[in-house]
Amino acid sequence: MSEVKLAAQTRTEFGKGAARRIRRDSKVPGVLYGHGSDPLHLTLPGHELQLALRTPNVLISLDIDGKTNELAIPKAVQRDPLKGFLEHVDLLLVKRGEKVTVEIPVHAEGELAAGGNLLEHVLNALPVEAEATHIPEALTVSVEGLEAGSSVLAKDIKLPSGVTLAVDEDAVVLQVLQAQIEEAVEGEAAEGEEAAEA
């Protein structure tokens with residue numbers, strides 16, 4: 001997992017007006033908390049933060065006011081619902097070697113068994129515990145040949161070394177459903193023909 005370095009400044013102005021001014025300067029207001037320390041309110045570079053957040057659970061190395069360096073992972077990201085720009089970010093302070101609980105995106109690969117089956121993602125992300133500097137970006141699961149009624153449980157997913165489940169091992173992550181669209185369409189067509197004949 002790569003580290004992204006960002007320069008951050010502490011901020012002393014709060015409220016909607018201050019946040020708007022920060023965003024107008026192409027920056028993002030944020031807060032850094034954890035390890036029992038007081039929350040530290042920050043201003044972060046907007047474009048660089050946006051790029052960093054493309055990687056789930058990215059490890060961010062913060063250079064705060066050019067004086068201190070801290071490691072953090074994103075905990076909550078608020079975006080504008082219409083335009084999608086970053087409004088605020090919560091960062092969790094982490095230390096090297098420390099275990100953290102995060103959600104890792106699950107990607108399915110392979111073709112399901114023939115017959116128009118559908119793959120349902122019951123969990124889009126799998127809660128795991130991992131060392132803060134070794135968080136996997138994603139977990140890939142093969143669904144090759146799975147038939148309707150098949151499920152992939154949390155315990156079936158191969159985790160990288162040092163990563164453990166933070167969810168019940170029997171939790172369903174993916175399941176294969178039988179497609180019922182064609183049957184429903186055929187049923188409606190038959191009903192339409194009967195109505196036309198009457």
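This text goes with the structure placed above it.
Keep in mind that what you see is a predicted model, and the values were worked out from it rather than measured. (Residues numbered from 1 in each chain as written. Predicted model: local features only at pLDDT ≥ 70, side-chain atom pairs only at ≥ 80, totals over all residues. Heavy atoms only, no water.)

Caption draft 1: View of the overall build of the protein. Looking only at helices and strands, one finds three helices and 13 strands in the protein. Of all 198 residues assigned to the protein, the portion counted as buried reaches 35%. A separation of at least 24 residues holds for 63% of the contacts in the protein among residues at least 6 apart in sequence. As displayed, the protein offers around 11,800 Å² of accessible surface, 49% of which is attributable to carbon and sulfur atoms. (Helix = DSSP H or I, 4+ residues; strand = E, 2+ residues; numbered from the N terminus. Buried < 20%, exposed > 50% of the residue type's maximum accessible area, 1.4 Å probe, protein only. Contact = heavy atoms within 4.5 Å. Areas by Shrake-Rupley, 256 points an atom, 1.4 Å probe, with all protein chains shown as cover.)

Caption draft 2: Seen up close, the sheet that holds strand S1 (residues 3–10). Pairing within the closed barrel is mixed, and its six strands lie in the order S1-S3-S2-S6-S5-S4. The average undirected angle you get between the axes of adjacent strands in this sheet is 45°. When S1 meets strand S4 (residues 59–64), the two strands line up parallel, connected through six bridges. Each bridged residue has a counterpart across the sheet, and for Leu6 the counterpart in S4 is Leu62. In the packing of helix H1 (residues 16–24) onto the sheet, the strands contacted are strand S2 (27–34), strand S3 (37–45) and strand S6 (86–94), and the crossing angle to S2 comes to about 120°. (Pairing = 2+ DSSP bridges. Axes fitted to C-alpha atoms, helices over the stretch in contact; angles between N-to-C directions.)

Caption draft 3: Region of the structure containing unusual backbone geometry. Backbone geometry places Ser26, a non-glycine residue, at a positive phi of 60°. Here Ser26 is to be found in the loop between H1 and S2. At Asp65, a residue that is not glycine, the phi angle is positive and equals roughly 55°. The residue Asp65 is located in the loop between S4 and strand S5 (68–79) in this model. Taking relative accessible area as the criterion, Asp65 reaches 35% and is therefore assigned partly exposed.

Caption draft 4: View of the pattern of salt bridges. In this structure the tally under the stated criterion is two salt bridges. Put simply, Glu70 and Lys95 hold a salt bridge, and the shortest N to O gap is 3.9 Å. Of this pair, Glu70 sits in strand S5 while Lys95 sits in the loop between S6 and strand S7 (99–109), and the two are 25 residues apart along the sequence. (Salt bridge = Lys/Arg side-chain N within 4 Å of Asp/Glu carboxyl O.)

Caption draft 5: Quick look at the environment of Val100. Position of Val100 among the secondary structure elements: in strand S7. Owing to a relative accessible area of 5%, Val100 belongs among the buried residues under this scheme. Each C-alpha atom, one on Val100 and one on Ile135, is 8.8 Å from the other, the two residues being 35 residues apart in sequence. Setting aside residues no more than four positions away along its own chain, Val100 makes contact with Ile73, Val94, Val128, Glu129, Ala130, Ala132 and Ile135.

Caption draft 6: How the structure looks around the sheet that holds strand S11 (residues 151–153). Taken in spatial order, the three strands make up an open sheet running S8-S13-S11, and their pairing is antiparallel. Strands with a single pairing partner mark the edges of an open sheet, and in this sheet they are strand S8 (118–121) and S11. Neighbour-to-neighbour, the strand axes of the sheet open up by a mean angle of 15°, direction not taken into account. Pairing analysis gives three bridges linking S11 to strand S13 (residues 172–177), with the strands arranged antiparallel. Following the sheet pairing, Val152 is matched in S13 by Leu174.

Caption draft 7: Geometry of the pairing of S4. Taken across its six residues, S4 has five buried, putting it largely inside the fold. Here S4 pairs with S5 via five bridges, running antiparallel. The residue bridging Asp63 from the neighbouring strand is Asn69, located in S5.

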